[in-house]
Amino acid sequence: MSTITRSASASPMALNGVIDASLFPLKSTADVINLFRRALTSGIEPDLTLLSIVVGYIELSLTTGEAAAQAAQAAAAAVAAGDISQATTGGNDIIMGNSVPFPVVTHELIAGLYKKFQTILSVVEKPKPHRQATREVIKKVSDVIWNSLIRSSYKDRAHLQNLYSYLSGNKLDCFGVALAVVAGCQLLGYKDVRLAISEDHAWVVFGQKRVETIEVTWHGKGSEDKRGQDIRPGIESGSWLYLGGLAVVCERGMEVAAICAALNISLTSNSDCVEVAELQQQLLWLLYDLGHLKRYPMALGTLGELEEIHRTHPSISCEQLYREAIESARTHYRNHHVYPYTYQGNYYNRLLKYRDAFAAWANAADVIRLYTYQCRDDEEIYKELLDIANELIPYVMKTESSGHSARSILRDSEVFANLLRFYDGICQWEEDSLTPILHIGWAKPLVNNITKFDYDIRSQVVIKLPEDLEAEQAKAELARAEQEAKEAKESKEATGAEALEGNNNKLVTKEEKSKNSELPTTLADLTAACGEKILNPDFLLQGGGQPFADQKQQPSGGESDNPELHNNNNNSNSNNNNHNSDKKEASATTTTATITTTTSNGSGTSGQLPVSSEAQSQVQANDQLGKPQHKEAKKEVTSDDYDPFEIMLKRPVITLYSQKMKGLKDLLLAEKLNTHAISLQVTAQSVASRKVRGVEKQSATISATITAISSSSGDSVLSGVAGSGGGGGSGSAVTGGASLASSSLGGDSIAASRPKRTRRE
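Computed from a predicted model, the values in this text were never measured in an experiment.

1. With respect to the packing of helix α17 (residues 413-430) against helix α18 (residues 440-451)
Taken N-terminus to C-terminus, the directions of α17 and α18 make an angle of 160°; their axes are 11 Å apart at the nearest point. Taken as axis vectors, α17 and α18 run roughly antiparallel relative to one another. Once α17 is placed against α18, the crossing between them reads as left-handed. Of the residues in α18, those in contact with Phe416, Leu419, Tyr423 and Ile426 of α17 are Trp442, Pro445, Leu446, Asn449 and Ile450.

2. A closer look at the side chain of Ser239
By secondary structure assignment, the location of Ser239 is in the loop between α9 (232-236) and β5 (248-249). Of note is the side chain of Ser239, whose polar atom sits 3.1 Å from the side chain of Asp378. Leave out the neighbours within four places in its chain, and Ser239 touches Gly234, Gly244, Tyr371, Thr372, Gln374, Asp377 and Asp378.

3. Quick word on helix α6 (residues 135-147)
Along its 13 residues, α6 runs 18 Å from first to last C-alpha, staying within 8% of the 18 Å computed at 1.5 Å per residue. Within α6, burial applies to Val137, Ile138, Val141, Ser142, Val144, Ile145 and Trp146. Check the buried side of α6 and you find it contacts α5 (107-120), α7 (163-169), α8 (174-188), β3 (202-206) and β4 (212-214).

4. Comments concerning the sheet that holds strand β2 (residues 194-197)
Here we have four strands laid out as an open sheet, ordered β4-β3-β2-β5, and antiparallel in their pairing. Edge positions in the open sheet fall to β4 and β5, since each of these has one partner strand only. As defined by bridge partners, β2 adjoins β3 across four bridges and the pair is classed as antiparallel. Paired with Ile197 across the strands is Ala202, a residue of β3.

5. What to know about the confidence of the model for the protein
Averaged over all residues, the pLDDT of the protein equals 73, while 61% of them reach at least 70. Within the model, pLDDT remains below 50 along residues 551-648, and this stretch shows 93 contacts once partners closer than five positions in the same chain are excluded.

6. Overview of unusual backbone geometry
With an omega of 0°, the peptide bond running from Phe24 to Pro25 counts as cis. A positive phi angle, near 55°, is found at Leu243, a position not held by glycine. With a phi close to 65°, Leu352 is a non-glycine residue in the positive phi region. Following the sequence through the fold, Leu352 ends up in the loop between α14 (339-350) and α15 (354-368). The class for Leu352 is exposed, based on a relative accessible area of 58%.

7. Digging into a negative patch on the surface
Negative charge collects at one region of the surface, where Glu484, Glu487, Glu490 and Glu493 lie side by side. Checked against the element boundaries, Glu484 lands in helix α20 (residues 466-496).

8. A look at the packing of aromatic side chains
Each aromatic ring pair is specified by the distance between its two centres and by the angle formed by the two planes. Following the criterion strictly, the structure yields 15 aromatic pairs and no others. The interplanar angle of 80° and the centroid separation of 6.0 Å between the aromatic rings of Trp240 and Tyr339 together place this pair among those described as edge-to-face. With a gap of 99 residues between them, Trp240 in the loop between α9 and β5 and Tyr339 in helix α14 connect regions that are remote in the sequence. Trp240 gets classed as buried once you look at its relative accessible area, which sits at 0%. Ring centres of Tyr322 and Tyr343 lie 6.2 Å apart, and the angle between their planes is 15°; on these two criteria the pair is classed as stacked. Of this pair, Tyr322 sits in helix α13 (residues 318-332) while Tyr343 sits in helix α14, placing them 21 residues apart in sequence.

9. Details of the nonpolar core
The nonpolar side chains of soluble globular proteins are, as a tendency, buried together. With 96 residues, the main nonpolar core has Phe36, Ile138, Val181 and Val193 as its most contacted residues. Take this core: its biggest share by element is twelve residues, from α8. Apart from residues no more than four positions distant in its own chain, Val181 is found in contact with Ile138, Val141, Ser142, Ile145, Val204 and Val216. Among the nonpolar cores identified, the runner-up in size contains 70 residues, and Ala196, Tyr354, Phe422 and Met661 belong to it.

10. Side note on the packing of α15 against helix α16 (residues 379-400)
Relative to each other, α15 and α16 sit at 155°, their axes nearing to 12 Å. In this view, α15 runs roughly antiparallel relative to α16, as classed from their interaxial angle. Note on packing geometry: the crossing formed by α15 with α16 is left-handed. Across from Tyr354, Phe358, Trp361 and Ile368 in α15, the residues of α16 making contact are Ile381, Leu385, Ile388, Leu392, Ile393, Val396, Met397, Thr399 and Glu400. Looking at the contact of α15 with α16 residue by residue, the class counts come to eleven nonpolar, one polar and one charged.

11. Regarding the pattern of salt bridges
The tally for this structure, following the rule as stated, stands at 19 salt bridges. The residue Glu212 makes a salt bridge to Arg135 at a minimum N-O spacing of 3.3 Å. On the criterion of sequence distance, the pair formed by Glu212 in strand β4 and Arg135 in helix α6 is long-range, its members being 77 residues apart. A residue is classified by how much of its surface remains accessible, and Glu212, at 36% relative accessible area, is partly exposed. Here Arg135 falls in the partly exposed class, since its relative accessible area comes to 23%. The closest approach of N and O atoms between Arg194 and Glu251, which form a salt bridge, is 3.9 Å. One end of the pair, Arg194, is in strand β2; the other, Glu251, is in the loop between β5 and α10 (252-261), and 57 residues separate them in sequence. Classification of Arg194 as buried rests on a relative accessible area of 6%.

Definitions and limits used
- Residues numbered from 1 in each chain as written.
- Predicted model: local features only at pLDDT ≥ 70, side-chain atom pairs only at ≥ 80, totals over all residues.
- Heavy atoms only, no water.
- Axes fitted to C-alpha atoms, helices over the stretch in contact; angles between N-to-C directions.
- Helix = DSSP H or I, 4+ residues; strand = E, 2+ residues; numbered from the N terminus.
- Parallel < 35°, antiparallel > 145°, perpendicular 65-115°, else oblique.
- Left-handed = near helix turned anticlockwise from the far one by under 90°.
- Contact = heavy atoms within 4.5 Å.
- Polar contact = N/O pair within 3.5 Å; in protein donor to acceptor, adjacent residues only side chain to side chain.
- Expected span 1.5 Å × (residues − 1).
- Buried < 20%, exposed > 50% of the residue type's maximum accessible area, 1.4 Å probe, protein only.
- Pairing = 2+ DSSP bridges.
- pLDDT = per-residue confidence, 0-100.
- Patch = residues over 30% accessible without salt bridge, like charges linked within 9 Å, V, L, I, M, F, W, Y side chains within 5 Å.
- Areas by Shrake-Rupley, 256 points an atom, 1.4 Å probe, with all protein chains shown as cover.
- Salt bridge = Lys/Arg side-chain N within 4 Å of Asp/Glu carboxyl O.
- Lys, Arg positive; Asp, Glu negative; His and termini not counted.
- Charge placed at Lys NZ, Arg CZ, Asp CG, Glu CD.
- Phe/Tyr/Trp six-rings, centres within 6.5 Å; stacked < 30°, edge-to-face > 60°.
- Core = buried A, V, L, I, M, F, W, Y, C linked by side-chain atoms within 4.5 Å.
- Nonpolar A, V, L, I, M, F, W, Y, C, P; charged D, E, K, R; others polar.

Structure (structure tokens):
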């Protein structure tokens, strides 16, 4: 194959089948990094076909075939020799002593595979100048690649996501097919075709504004595909698979990042290849430095995991990378990505920072509540959340409950609130779904986790419902409207009460007249003082100001100890009046306030809480300097006001949105947990919000049954519901609860309206 030599600053590819031979051979990781750097920094867009073939060849050479066989033999030898460091360590062990050398990437190898890919795509017509791709062209490229694959599903197999796997063995997974279609369209000359990636799927966007979408691969266990279709039905179904239309739409640099993030470093089922991990880590750092990962949360999470295993960057830690992934999802994708939070939660869990881990897992559940569970499409995220709920959280609870420590998370009400938030998100994800999620396998760990928290911790959590929030907002809006109307009325009255007085047309309001009326204005007083003081001309001509030129304002009781001298200026009166009134307000803040706090059992306790030391010192300083106190500091604490910071620290507030968790509100805060009723509520059929005939009636019956069980858990009639262990306990509980719920409709209490029975029904 003919080759040409280019300058060192030129692009390593020209997208016309001619590859720069001077870049080869690639003998080390540094050579590969240099190839990617030149591809990303040159003026020509990077060739996805070339880069995918190169990294695919290196990955498969180091992780399959001879390399995998030698790694398995090394693991067996370690077990036989009793090497504890490799034999007994769980998780993914990195085999440091891989005896397979770094594969040499030659120009002949890459050029031959590149030419083969061009030959496969030769049946598709190339575009005319300035012509964009159409749905038919992309579908034809997809058909060509699809029909050349081996008839089998390779989704669950590793190392099938690159073009080298396709060109050497006709094998691709679902991501590999999408990448091959985009690379093929780029090779043909269609520059508007881009790769779109969700957290478990990939498709193609095209068009001038890149709003047109098309499926080009399959998803799931079967080989059935939706190729050629639009993804809009998937978005409308509410499936997590399409992220509500907020997937990562890649530019060319981000498509290179997708190739690097898709590298599979697994060597065997429990070991990773250190050479491939090092290559992937350096490639991702290169893309990070060039700014291609800012809008790619999954790639940031992958880089964070690699840094957690082996840190290479001096200033950026893996924890910072996890936070950047979350910030990217919030900034660019309206917080619709789940995996950034699971990355962070699992990281904190490995560091034994359980409080932070629970908060991150709860945040992940807050994202998944935005979707509706689809059994076939959401399998991966279902397994991820199931592992957190049934493996990680129970292990943490078991570890923390083994000792008695005041700093244990079991003594932290915020951890309990995050636990409820986690399950509330999953329950809301289940709503509107045709397939239930929370079966008995979910319910048992949930009940066990809740019972680990004592009543005094559970009672600290303030649980609100959306209805309560709406009522509070409506009340606040009404109060604000009333306040605005009152202020408008007072302003109107003050404006209407102004009158023109005096021959100099000075406006004197009723308030000023009332203040001036407090002065000694009677004729007897004036006559008695005329011999000693000089009359004020303004007072005689206009009726405003002080009667005498050197008269001092009489201080009112308790306002001030130092009276202020008044000038002959007409504006001095209002200034002095405002000054004294402000000082009166400042003096009122030195008093203590009595507040009433409501405990969890409903009783009230009263106590005097002094104003904070900072406020007291500020008031004293203002009193000494004679300065008025600001209105913001003059806030009296009443019996209904609470310090928000103190409440947030001691009493976390959460809002439950799912129907199941809202039904558990009273059960969760009860002094004695009714585990049977909790389990029944969690595993109830969760189709309450679907508009299906008879569903509302069924969900109402279940809710009434559980309410009756929980409210009568201490009654002698249902004394066996909470802890029944005999046969038929569940059925008798449901029947008894339903009968009590129906009988309570006509009276104030269940016991009062219960009819006497002479025979067993």
